[in-house]
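Per-entry structural report
Single-letter residue listing:
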Amino acid sequence: MQAANANATGAPASGATTNGVETGATDDFVTVFVGETLFGLAIERVHDVFVPSGVTPVPLAPAEIVGLLNLRGRVVTAMSLRRRLGLPDAADEADGSKASPKMAIGLEQAGETFALVVDGVGEVLKLGADSREAVPINLDPRFRNLATCVHRLDGRLLVILDVDALLGFTPAGAKAA
Amino acid sequence: MDDLLREFLTESGEHLDTVDAELVRFEQDPNNETILRNIFRLVHTIKGTCGFLGLPRLEALAHAAETLMGRFRDGLPATSASVTLILLTLDRLKEILADLEATGTEPAGSDDDLISALERMAEGSAEASAPPPPPPPPEPVLPEPVARELKPGEVSLDDLEAAFLAAPGPDESDFAAPAPVAAAAPVAAPKASAPKAEPAPVEVAEAEPARAEKAEGGGAEGETTAAAKNNQTIRVSVDTLEHLMTMVSELVLTRNQLLEIARRHEDSSYKVPLQRLSHVTAELQDGVMKTRMQPIGNAWQKLPRVVRDLSAELGKQIDLVMVGAETELDRQVLEVIKDPLTHMVRNSADHGLESTAERVAAGKPARGTIRLAAYHEGGTITIEIADDGKGLNLAAIRQKAVQRGLASQADVDRMTDAQVAKFIFDAGFSTAAAVTSVSGRGVGMDVVKTNIETIGGLIDIATTAGRGTTFTIKIPLTLAIVAALIVRAGEHRFALPQVAVLELVRVDAGAQRVERINGAPVLRLRERLLPIVSLTGLLGQTPAGSDTEQAGFVVVAQVGRERFGILVDEVFHTEEIVVKPMSVKLRHIPMFAGNTILGDGAVVLIVDPNGVARQVAQGVQGSGGHADADDDAANEVADSKTTLLVFKGGQGSFKAVPLSLVTRLEEIECAKVEWLGGRALIQYRGRLMPLVPADPGIAIKSEGTQALVVFSDGERAMGLVVDEIVDIVEERLDIEIAADRSDLIGSAVLRGRATDIINIAHFLPLAYDDWARGLKRPEQLSTILLVDDSAFFRDMLTPVLKAAGYHVVTAASAEAALDMLQSDPAIEVVVTDLEMPGRSGFDLVAAMRRGEARLAALPVIGLTGAIGADAVERARTLAIADLVAKFDRAGLISALAEIGAETVSKAA
């Protein structure tokens, strides 16, 4: 619980996450997938997992923003992980009109709630430093900037995403929070 | 004991407890500025309140403690001895408070021991010479940092002062008596005349039982809680309200789902209770919403008192003017800005306004004025705090900024005054030469800025040396509740704040239809053209010009002086919405003021009328010439470019006329054209208007509709018959005067097309034989010399001036003008272009002013493309009577009329 608190309150959370891993303790990650790739999010940053519905698109918004949705009375900004990673939208919603994202992860940053729209959500994994690898340098820069490390799993790899970097894009003209 | 004092005791008790805990934290973490600032503010608040209540012992102690803490902030190491000393001071404060609570008066006694120790410590002598009882043991588990000043209930002064003002009895004459109100009341009763006698005893009666109760209560701690229990109202944290609000929203959603289910099942036994649930939910929602709204006047209530006290304390005469106290604000916003406002008013009184003597010396009224104004403006609430004092001392601020290492000398020299002024928002920045107990510690302005920015607001300063300083706070509508029109554009719904909406107009392909000028949609609305933007187009959803614009609704909106129509597909209803702020990721989009959740649970975006207005102005600038467009913008445009109306007239050729000469564009039914004596006329606005073809090749159609360009002057109007109105273009006019036809001035290339520029002077006499002879005002037959290098302008203005009843002679250059002035003594007014090649209009006027008496005294009107500040200045030194924009016919005529009136009055 102490570690979780440290992560949640530490200002540069990327640093905090790294610290947590380095001490050798295991960390819990919520796994999500986009296409074939498996991603992990630090569990203490995940507030909700839900099916997004009734998304109101925001005209003129940055491409990453899918729209706004009502999550139990709160207005939540929905962001597409695909678009954030520079991937094309899933094939069945390529025309953009009948976009029906499957799952969303509720994340919080600076008192604001965001919904990260992903293709699907997997299990929660407990991972230690033994399977941890640095981010391969040949990765696409978009991935490299958002990932903190990679875990070797049986048969596949898990890219751990830095939640703050993920939410950290600031559109031109927007005030830093 | 009255409410005021009770509140003060409760508050101060809480504050002191916080300071205790925070001080201990600070001792362990001496570099943590947040804690220090928090402590500093709390002590400052206590001190300020004591000042109002007239509690000199408490005030003196708090002031001394604050001084020492100010030294900490400036870098004095916080030794444990000094912290102990402050804690001791706090204990003493608590003792006095306990006494105050028990007896209702500040106990007699001296705090010189502590105060002198504090002062010595502040002076830097490190050795703790203070009486050294052991410091309270530091708490092993530290509480979370307290951010109380942002919470609602914590702002004691407001409620306190509200109570103070509401309480009957003591008026300013009692201010001299420093005793609390309970004690002052009996004194007040005999002092005040008969009508006052009634309220005073009531107060005493209230006070007595309360005091008795206290006496039984015993210990100081117990009494504080007892006092708190006596309050009629309770303090609820905004968090609780916020939570309630969220829950109510949830309830609404659940109800809606239930209603949906009930609709599908035909079981009517559900319906009645559901209906009830529905009503109750709606009322609950209303109730919760209401708890959040308060007029801004609530935050101002204490200010008159503050200003009055300050004016006594500082020996200045100060008037406080408050405008717009009824402006409603979300209480959360209100709470956040309350303290900043008080700080700023105090600052204005202390630093902004000069002393009475200085004011008189500077030739200002002896009484200084502080003006507070609040109003809704588009999507924001604006609050202004203005004083008419000496203005900010920018030189001192520059110096201080360098001293404090905030910027280098070079940086400071480069900065604009506005940038320099912003330094006052830095923590601990005060240029006041002497620290007074009122202000000058630099506490405040940084807090002000922080608080305002917390709620997404902006603060700006405008200062003029010798004239005063104005602070403008703009708070976005976030959190506030507004009435909004729910509309549909494309596939989605949007909310439009109702404040900006004037009316709704239904448009279709029939009578009320949206017309286009060069693709820019406009609507005729009561004989005026209204620029239209389509919401879908604005939001980039559909390409502009699609068929969807044929039918729908135009929401007529007004922002500032700009009127425009927003085309939407459907209008649903109005709804009171809670404005939720946009995500930081989306705040840069100017089109949206926020978002909201509607009754059915859907999130909709709130369109910001200000943002739309800016887009409209950019999109339809060309047609702004005769609308209420922003004058500045129009002038900038006129600088080098001319806006022209392009139409087709005669064998498909393109013709153009300056848009500023055009009154209206019309389309008439050909059947309505009447012929009288071989001339075509039409009944237009109850009068007969002659129609003149723009080209001999144009025949007035006999059926269908006929496009007209209407020119009017006073009560006369003429319809120029054209084939088709094509476009409005804004281009640099480069006329090649080649045509030897009197109906054309020449030709120019507009948008890559050769276009004839028509000469209105040719057509006006065709419509009215006497138009050019100016029979209207025969008594005013003064002669005007019109000087302009461009034949186009001479030809354009001559008929206008003639029509207004003047004789007009023209000159093409300054030299020619001087010659004519010498030879023609009848010239009474000179109208000259100021920008001419060779000798400019200014040179001409300068030459005239140097010349013989008649010329030197001749009134001059300057025509200019851009009215800049320096042009105005030059014009003033040359005694040019008026500056008129080149295409502003009406302005020129009225300027001439003014000169005529002056001449007449001088002659009389």
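Rules and cut-offs
- Residues numbered from 1 in each chain as written.
- Chains lettered and ligands numbered in written order.
- Predicted model: local features only at pLDDT ≥ 70, side-chain atom pairs only at ≥ 80, totals over all residues.
- Helix = DSSP H or I, 4+ residues; strand = E, 2+ residues; numbered from the N terminus.
- Buried ≥ 20, exposed ≤ 12 C-beta atoms within 10 Å, placed from the backbone.
- Contact = placed C-beta atoms within 7 Å.
- Pairing = 2+ DSSP bridges.
- Axes fitted to C-alpha atoms, helices over the stretch in contact; angles between N-to-C directions.
- Arc of directions from axis to C-beta.
- Expected span 1.5 Å × (residues − 1).
- pLDDT = per-residue confidence, 0-100.
- Core = buried A, V, L, I, M, F, W, Y, C linked by C-beta atoms within 7 Å.
- Parallel < 35°, antiparallel > 145°, perpendicular 65-115°, else oblique.
- Left-handed = near helix turned anticlockwise from the far one by under 90°.
- Nonpolar A, V, L, I, M, F, W, Y, C, P; charged D, E, K, R; others polar.

Across its full length, chain A holds 5 helices and 11 strands. A burial count over chain A gives 34% of its 177 residues as buried.

Moving on, we get to the overall build of chain B. Looking only at helices and strands, chain B has 30 helices and 34 strands in total. When each of the 908 residues of chain B is scored for burial, the buried share is 40%. Of the contacts made within chain B by residues no fewer than 6 positions apart, 66% connect residues no fewer than 24 positions apart.

Bringing the sheet that holds strand β10 (residues 501–507) of chain B into the picture now. Residues and elements named next belong to chain B. Within the open sheet, the 6 strands sit side by side as β10-β14-β15-β13-β12-β11. Their pairing is mixed. A single partner strand is all that each edge strand has here, and the edge strands are β10 and β11 (515–517). Along the sheet, successive strands turn relative to each other by an average axial angle of 40 degrees, direction set aside. The sheet contact formed by β11 and strand β12 (residues 520–525) spans 3 bridges and is antiparallel. Pairing of R516 across the sheet is with P521, part of β12.

Our focus in this paragraph is the interface of chain A and chain B. Think of interface size as the accessible area that goes away when the parts come together; that is how it is often given. The interface of chain A with chain B comprises 24 residues on the first partner and 23 residues on the second. Of all the secondary-structure elements, those providing two or more residues to the side of chain A that touches chain B are β4 (65–71) and β5 (74–80) of chain A. The element contributing the most residues to the side of chain A that touches chain B is β4 of chain A, with 4 residues.

This part covers helix α26 (residues 814–823) of chain B. Residue and element names in this part refer to chain B. A814, A817 and L821 are the residues of α26 that are buried. Summarising the axial view, the buried residues of α26 lie within an arc of 55 degrees, below the 170-degree limit, and thus occupy one face. Counted as exposed and oriented over 90 degrees from the buried face of α26: D819 and S823. Along its buried surface, α26 packs onto β30 (783–787), β31 (807–811), β32 (827–833), α27 (841–850) and α28 (853–856).

Glancing now at helix α3 (residues 56–73) of chain B. All names here are of chain B. In this model, α3 (18 residues) spans 25 Å end to end at C-alpha, consistent with the 26 Å of a helix rising 1.5 Å per residue. Of the residues making up α3, those classed as buried are R57, L58, E59, L61, A62, A64, A65, E66, L68, M69, G70 and F72. Structurally, α3 contributes buried residues whose contacts are with α2 (33–53), α4 (80–103) and α5 (112–123). At the C-terminal side of α3, G75 shows a positive phi close to 115 degrees.

All names here are of chain B. By secondary structure assignment, the location of I459 is in strand β6 (residues 458–464). We classify I459 as buried; it has 21 C-beta atoms within 10 Å. For I459 and K474, which are 15 residues apart along the polypeptide, the C-alpha to C-alpha distance reads 6.4 Å. Once you skip the residues sitting within four places of it in the chain, I459 turns out to touch V448, K449, I452, F471 and I473.

Low pLDDT marks regions whose predicted coordinates should not be analysed in detail. All names here are of chain A. Per-residue pLDDT for chain A has a mean of 76; in total, 75% of the residues score no lower than 70. Confidence drops under pLDDT 50 across residues 1–22; counting only partners more than four residues distant or on other chains, this segment forms 29 contacts. Overall, residues 93–99 carries pLDDT values under 50, and its contacts beyond four positions in sequence, including any with other chains, amount to 4 contacts.

For L60 of chain A, which is not glycine, the phi dihedral falls at a positive 70 degrees. Residue position: L60 of chain A is located in the loop between β3 (46–50) and β4. Within the chain, A879 of chain B stands out as a residue other than glycine whose phi angle is a positive 55 degrees. In this structure, A879 of chain B sits in the loop between α29 (869–877) and β34 (882–885). A879 of chain B sits in the partly exposed class, given 14 other C-beta atoms within 10 Å.

To continue, consider the sheet that holds strand β6 (residues 103–109) of chain A. Two modes of strand pairing occur in sheets, parallel and antiparallel, and in both the strands are linked by backbone hydrogen bonds. All names here are of chain A. Pairing within the open sheet is mixed, and its 5 strands lie in the order β3-β6-β7-β5-β4. Single-partner strands in this sheet number two, and they are β3 and β4. Within the sheet, the average angular offset between the axes of one strand and its neighbour, ignoring direction, is 30 degrees. Note that β3 and β6 share 4 bridges and pair antiparallel. Across the sheet, the residue bridging to F50 is A104, located in β6.

Judged by nonpolar contacts, the single largest core of 83 residues is most densely connected at A78, A115 and L116 of chain A. With residues up to four places along the chain from it excluded, the contact list for A78 of chain A reads P52, V55, V66, G67, L68, L69, A104, A115 and V117 of chain A. Counting residues in hydrophobic clusters, the runner-up holds 73 residues, among them A656, A707, F793 and I861 of chain B.

What follows deals with the packing of α3 of chain B against α4 of chain B. Residues and elements named next belong to chain B. Close contact between α3 and α4 brings their axes to 10 Å; oriented N to C, the two are set at 165 degrees. Viewed along their axes, α3 and α4 adopt a mutual orientation that is roughly antiparallel. Of the two elements, α3 crosses α4, and the hand of that crossing is left-handed. Contacts from R57, L58, L61, A62, A65 and L68 of α3 reach α4 at S82, I86, T89, R92, L93 and I96. Taken together, the residues of the contact of α3 with α4 sort by class into 8 nonpolar, 2 polar and 2 charged.

Let us now look at the pairing of strand β7 (residues 112–118) of chain A. All names here are of chain A. Within β7, 5 of the 7 residues are buried, leaving the element largely enclosed by the surrounding structure. Bridge analysis of β5 against β7 gives 4 bridges, and the strand direction is parallel. Bridge pairing links S80 to V117 in β7. Sheet topology note: the β6/β7 ladder contains 7 bridges and is antiparallel. Among the inter-strand pairings, G106 is bridged to a residue of β7, identified as A115.

For the rest of this paragraph, the subject is the confidence of the model for chain B. Residue and element names in this part refer to chain B. The predicted model of chain B averages 72 in pLDDT, with 75% of residues at 70 or higher. The secondary structure element of chain B with the lowest average pLDDT is helix α23 (residues 631–638), at 35, and the one with the highest is strand β18 (residues 603–607), at 90. Low pLDDT, under 50, characterises residues 167–230; the predicted model gives this stretch 78 contacts beyond four residues in sequence or across chains. The model gives residues 437–442 a pLDDT under 50, and that stretch makes 23 contacts with residues more than four places away or in other chains. Quick note on the complex model: pTM equals 0.41, ipTM equals 0.75.

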